[in-house]
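Chain by chain, the residues:
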Amino acid sequence: MYKILRKEVFSPIIKLMDIEAPKVAKSCKAGQFIILRIDEEGERIPLTIADYDREKGIVTIVYQEVGKTTEQLGAMEAGQSIQDFVGPLGEPSHIENFGNVIVVGGGVGIAPVHPIARSLKEAGNNVIGIIGSRNKELMFWEDKMREACSELHVTTDDGSYVRKGFVTDVMKEIIEARGKENIGLVIAIGPQPMMRACCNVTKEYGLKTVVSLNALMVDGTGMCGCCRVSVEGQTKFVCVDGPEFDGHQVDWAELSKRGAYFREEEQRSKEKKHTCKCGCGGGK
Amino acid sequence: MTDTPKPKKQIVPNKAPMPAQDAAVRAKNFSEVATGYTRETAIAEAQRCLQCKKEPCRQGCPVEVNIPDFLKLAAEGDFAGAIAKIKEKNALPAVCGRVCPQENQCEKYCTLGKKHEPVGIGRVERFCADLELETGVKLPEVAPATGFKVAVVGSGPAGLTCASDLAKMGHKVTVFEALHVAGGVLMYGIPEFRLPKAVVQAEVQNLKKLGVEIDVNSVVGKFSTVDELMESGFDAVFIGTGAGLPYFMNIPGENLCGVYSANEFLTRTNLMKAYKFPDYDTPIKIGKKVAVLGGGNVAMDAARTALRLGAEESWIVYRRSDKELPARHEEVEHAHEEGVKFALLTSPTKIVGDDNGVVKAMECLKYELGEPDASGRRSPVAIKGSEYMMEVDTVVVAIGQGPNPLVPRTTKGLEINKRGNIVASVETGATSKPGVYAGGDVVTGAATVIMAMGAGKIGARSIHEYLQSKKA
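Just so you know, these numbers come straight off a predicted model, no measurement behind them.

A look at the overall build of chain A
Per the secondary structure count, chain A includes 9 helices and 16 strands. At 18 Å, chain A has a C-alpha radius of gyration in line with the 19 Å of a compact globule built from 284 residues. Dimensions of chain A, computed from C-alpha atoms along their principal axes, come out at roughly 55 × 40 × 40 Å. Put simply, of all contacts in chain A between residues at least 6 apart along the chain, 65% involve residues at least 24 apart. Working note: accessible area of chain A is about 11,500 Å², and carbon and sulfur atoms make up 47% of it.

See below:
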């Protein structure tokens, strides 16, 4: 069992949890993910690691409630435990000194981009951070990102906080202002449409862009192939070959279709009366 | 001469049939197909053993069970004695009694089998094991603690066997398992209707009682490498990580929705219990017409699972003829009985999807058998112009699995062959790395549960010798 040590509610649908998982905390690196299963009947879902404390043995996850499992998790409180928590999985981010790096976090993607930004800064990069959300309510970790980056730009889709605009608008402005030849790498993490939009922009400038893919998974160790995606025309497994890939080579249409395949079942699962005995009060 | 002649043993020519659920009924449920012998049948079957001097059956058992002795005890109705005899050598008798291909192992060599049907060794073994699980397990003797620590990577048949033998020799064993439950392929791969998961877990519990520690949720190669395990105090390591890398056909359309690897299809159903969705959270989508590509045991498992999940038609698509099907005869027979259909001498060339990227059809090519190839099997030759469309809405690719690369990739100095398998001695399980042994599918490529168990046993023996030499 893995204890929830702390819970922070960023918004009604975005939550943070510190999980007691010393084995994962000891060895995880920026860019890797974990898989959790709440209880005996639960499904296995992947979540990218948002932060970790090796000494205290803590791994931080941030998630958006989008389905049955994340909603159930969202209803749990500090002091309760989840049954399974395995990691670190996937390949770590490739960290080296690229010079100027643009790091983009969209929505709940701000969380996984955070340790990558921090590692890049530690490696000597000038890290230009861009974070964006739909509105002020969904914005979080501005302070942590400010610390992890060399400079930070904040935007909201509706203009309810700092400025109005998409992360791609901010990114374009920065590339234009600094000159594309002065940017060594772009990293974009967030919802699929956002990552795809970022890639469309950077493609025009010929800027290599790394994205972190969120595919459906079962085991997460390369055993089932559920998470397969076409990259440069070749089949890759997000769980062991990724989760990070060159965004310009990803077959986004295929990824999005594969991600939607179980939507009907996800809906059924969500609507199912929540009857666990975990003390969460029956969920939503 | 005053001795009365010994009465000649009455030979019963046929094996007692295995009671089973009716095919039409079982094709719609996940309960076990074969329901097992009764006490009387088990005794009668054990009595068929001739107790011949040569004991040829024993050469067919990779884990070295003293078959005639356990059959003798069972024939006398001493099932406690019989199971104790089996467990001297075999840590997983309830599993072996169910999934061993005995026709290629012990029963293949049975003296009685030369003229008649061999003794149903596996069926008697299963009865003995099930009876013990029901009535309470007697633990085998454990040697005094040696102070040595051994890490076993993977809790499939090879790892569990190795762990059990090492624990009995007095070593402290920790098994690292990547998934959330121990058992490996016994849990995620082999379906509930052939091997109930409760049976596997009962055997795992017995292992824990021997003092074996099982760390689930522990992916070696990720949270710790083999080298780090050795640095952290393990004196030796056994790698039994299996064949967990699914192969695909590499034909167009294989990434469409509704195309599963057999591993995914079976893992969702068995390990995650998708057949109980939505009571269990993991879903599986099954179409009206399912095509399973391949002709091995895994393909049969997938085709039979598809029927149970509600498919109207479940097809095996295989490019050779029925004579070449690599699956066990019994599995093919069961599949036929349950209504699985066979498209033989057929192989897909591409999979076609609809606008949502979901499978709707498969283009297939017909084959005929040509000249025998190097292996002596007649190789299939495509018939030009024989393309046709097969309408399907689910495709399961069951053409084999390779070794999972996580451990080989992250272990320094471990020799790997071209296929990615760990190179290890057949006689000892020794790898190119001192103190590191390996066995099972990760060495041989996908094989059977009992072959993996045999390799686990060999590994345990070699590790024991290695540790003894370390002490000296």
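The structure having been displayed, the exposition proceeds.
With respect to the overall build of chain B
Looking only at helices and strands, chain B has 17 helices and 16 strands in total. Its C-alpha atoms give chain B a radius of gyration of 23 Å, near enough to 23 Å, the size a compact globule of 472 residues would have. Taken along its principal axes, the extent of the C-alpha atoms in chain B is 80 × 65 × 50 Å. In chain B, which comprises 472 residues, the proportion classed as buried is 59%.

Some remarks on the sheet that holds strand β3 (residues 213-215) of chain B
Residue and element names in this part refer to chain B. With parallel pairing, the 5 strands of this open sheet are ordered in space as β3-β2-β1-β4-β16. Two strands in the sheet have a free side with no partner beyond their single neighbour: β3 and β16 (436-438). Within this sheet the neighbouring strands show an average axis-to-axis angle of 20°, counted without direction. As judged from the 3 bridges shared by strand β2 (residues 172-176) and β3, these two strands associate in the parallel manner. Counted as the bridge partner of Phe176 is Asp215 from β3. Against the sheet, helix α17 (residues 449-471) touches β1 (149-153), β4 (236-239) and β16, its axis set at about 170° to β4.

Quick word on the packing of helix α2 (residues 39-47) of chain B against helix α7 (residues 121-135) of chain B
All names here are of chain B. Taken N-terminus to C-terminus, the directions of α2 and α7 make an angle of 140°; their axes are 9 Å apart at the nearest point. Between α2 and α7, the angle is such that the two are oblique. In the crossing of α2 with α7, the sense of the turn from one axis to the other is left-handed. Where α2 abuts α7, its residues Arg39, Ala42, Glu45 and Ala46 lie against Val124, Phe127 and Leu131.

Describing the interface of chain B and chain A
Accessible area lost when the parts come together is the quantity often used to give the size of an interface. Across the boundary between the two partners, chain B contributes 43 residues, which contact 47 residues of chain A. Broken down residue by residue, the surface that chain B buries against chain A is led by Asn255, Asp281 and Lys285 of chain B, which jointly contribute 20%. In this structure, the connection of chain B to chain A is made through 22 residue pairs in polar contact (both at pLDDT 80 or more). Of all the secondary-structure elements, those providing two or more residues to the side of chain B that touches chain A are β5 (245-246), β6 (259-261) and α12 (262-271) of chain B. When residues in the side of chain B that touches chain A are grouped by element, the largest group, 4 residues, is from α12 of chain B. Its residues placed into classes, the side of chain B that touches chain A shows 21 nonpolar, 13 polar and 9 charged.

Quick notes on the packing of aromatic side chains
On inspection of all chains with the given rule, the structure shows 13 aromatic pairs over all chains. Considering the side-chain rings of Phe237 of chain A and Phe248 of chain B, the 6.5 Å spacing of their centres and the 85° angle between planes classify their relative orientation as edge-to-face. Note that Phe237 of chain A is positioned in strand β15 (residues 234-237) and Phe248 of chain B in the loop between β5 and β6, a pairing that runs across two chains. Just as Phe237 of chain A is buried, Phe248 of chain B falls in that class too. An aromatic cluster of three or more residues is present, and its members are Phe10, Phe140 and Trp141 of chain A. Above the face of the Tyr52 of chain A ring, Arg118 of chain A is positioned so that its terminal group lies 5.6 Å from the ring centre. One cation-aromatic arrangement involves Arg308 of chain B over Phe193 of chain B; the distance from NZ or CZ to the ring centre is 3.7 Å.

Some words on the sheet that holds strand β4 (residues 45-48) of chain A
Residues and elements named next belong to chain A. Strand order in this open sheet of 3 strands is β4-β3-β8, and the pairing throughout is antiparallel. Strands at the two margins of the open sheet, each flanked by one partner only, are β4 and β8 (84-89). Ignoring which end each strand starts from, the neighbouring axes of this sheet average 25° apart. Relative to β4, strand β3 (residues 33-37) runs antiparallel, the two sharing 4 bridges. Residue pairing in the sheet places Leu36 in a bridge with Ile45 of β4.

Thoughts on the environment of Gly165 of chain A
Among the secondary structure elements, Gly165 of chain A is positioned in the loop between β11 (151-156) and α5 (167-178). For the pair Gly165 of chain A and Gly105 of chain A, spaced 60 residues apart in sequence, the C-alpha to C-alpha distance is 14 Å.

Re the pairing of strand β12 (residues 185-189) of chain A
Consecutive residues of a regular strand have side chains that alternate between opposite faces of the sheet. Residues and elements named next belong to chain A. Counting buried residues along β12, 5 of its 5 residues qualify, which places the element largely inside the surrounding structure. Sheet topology places strand β9 (residues 100-106) next to β12; 5 bridges connect them, and they run parallel. The partner of Val101 across the bridge, within β12, is Leu185. Alignment of β12 against strand β13 (residues 209-212), held across 3 bridges, turns out to be parallel. Bridging across to β13, Val186 finds its partner in Thr209. A crossover links β12 with its parallel partner β13, the connecting element being helix α6 (residues 192-205), and its sense is right-handed.

Re the domain arrangement of chain A
Residues and elements named next belong to chain A. Its domain assignment divides chain A into domain 1 (2-89) and domain 2 (100-259). Taken over C-alpha atoms, the centre of domain 1 sits 21 Å from the centre of domain 2. Both faces combined, the contact of domain 1 with domain 2 buries some 1,800 Å², and carbon together with sulfur accounts for 64% of it. Looking only at domain 1, the three residues that lose the most surface to domain 2 are Phe10, Phe33 and Asp51, adding up to 23% of its buried area. Two residues, Asp51 and Lys144, come together in a salt bridge whose shortest N-O distance is 2.6 Å.

Describing unusual backbone geometry
Cis peptide bonds are those with omega within 30 degrees of zero, and the linkage from Gly87 of chain A to Pro88 of chain A qualifies with 0°. You can see Pro88 of chain A is positioned in strand β8. Residue Pro278 of chain B follows Phe277 of chain B across a cis peptide bond; omega there is 5°. Among the secondary structure elements, Pro278 of chain B is positioned in the loop between α12 and β7 (289-293). In the Ramachandran plot, Gln51 of chain B falls in the positive-phi region, its phi being about 50° despite a non-glycine side chain. Under the relative-accessibility criterion, Gln51 of chain B is labelled partly exposed at 33%. Notably, Leu345 of chain B is not glycine yet its phi reads approximately 50°, a positive angle. Looking at the element boundaries, Leu345 of chain B is found in the loop between β9 (341-343) and β10 (346-353). Look at Leu345 of chain B and you get partly exposed, because its relative accessible area is 22%.

What counts, and where the lines are drawn
- Residues numbered from 1 in each chain as written.
- Chains lettered and ligands numbered in written order.
- Predicted model: local features only at pLDDT ≥ 70, side-chain atom pairs only at ≥ 80, totals over all residues.
- Heavy atoms only, no water.
- Helix = DSSP H or I, 4+ residues; strand = E, 2+ residues; numbered from the N terminus.
- Rg over C-alpha atoms; globule rule 2.2 N^0.38 Å.
- Contact = heavy atoms within 4.5 Å.
- Areas by Shrake-Rupley, 256 points an atom, 1.4 Å probe, with all protein chains shown as cover.
- Buried < 20%, exposed > 50% of the residue type's maximum accessible area, 1.4 Å probe, protein only.
- Pairing = 2+ DSSP bridges.
- Axes fitted to C-alpha atoms, helices over the stretch in contact; angles between N-to-C directions.
- Parallel < 35°, antiparallel > 145°, perpendicular 65-115°, else oblique.
- Left-handed = near helix turned anticlockwise from the far one by under 90°.
- Buried area = accessible area lost by both parts, 1.4 Å probe.
- Polar contact = N/O pair within 3.5 Å; in protein donor to acceptor, adjacent residues only side chain to side chain.
- Nonpolar A, V, L, I, M, F, W, Y, C, P; charged D, E, K, R; others polar.
- Phe/Tyr/Trp six-rings, centres within 6.5 Å; stacked < 30°, edge-to-face > 60°.
- Lys NZ or Arg CZ within 6 Å of the ring centre and 35° of its normal.
- Right-handed = clockwise from strand over helix to strand, strands pointing away.
- Domains from an automatic or database assignment.
- Salt bridge = Lys/Arg side-chain N within 4 Å of Asp/Glu carboxyl O.

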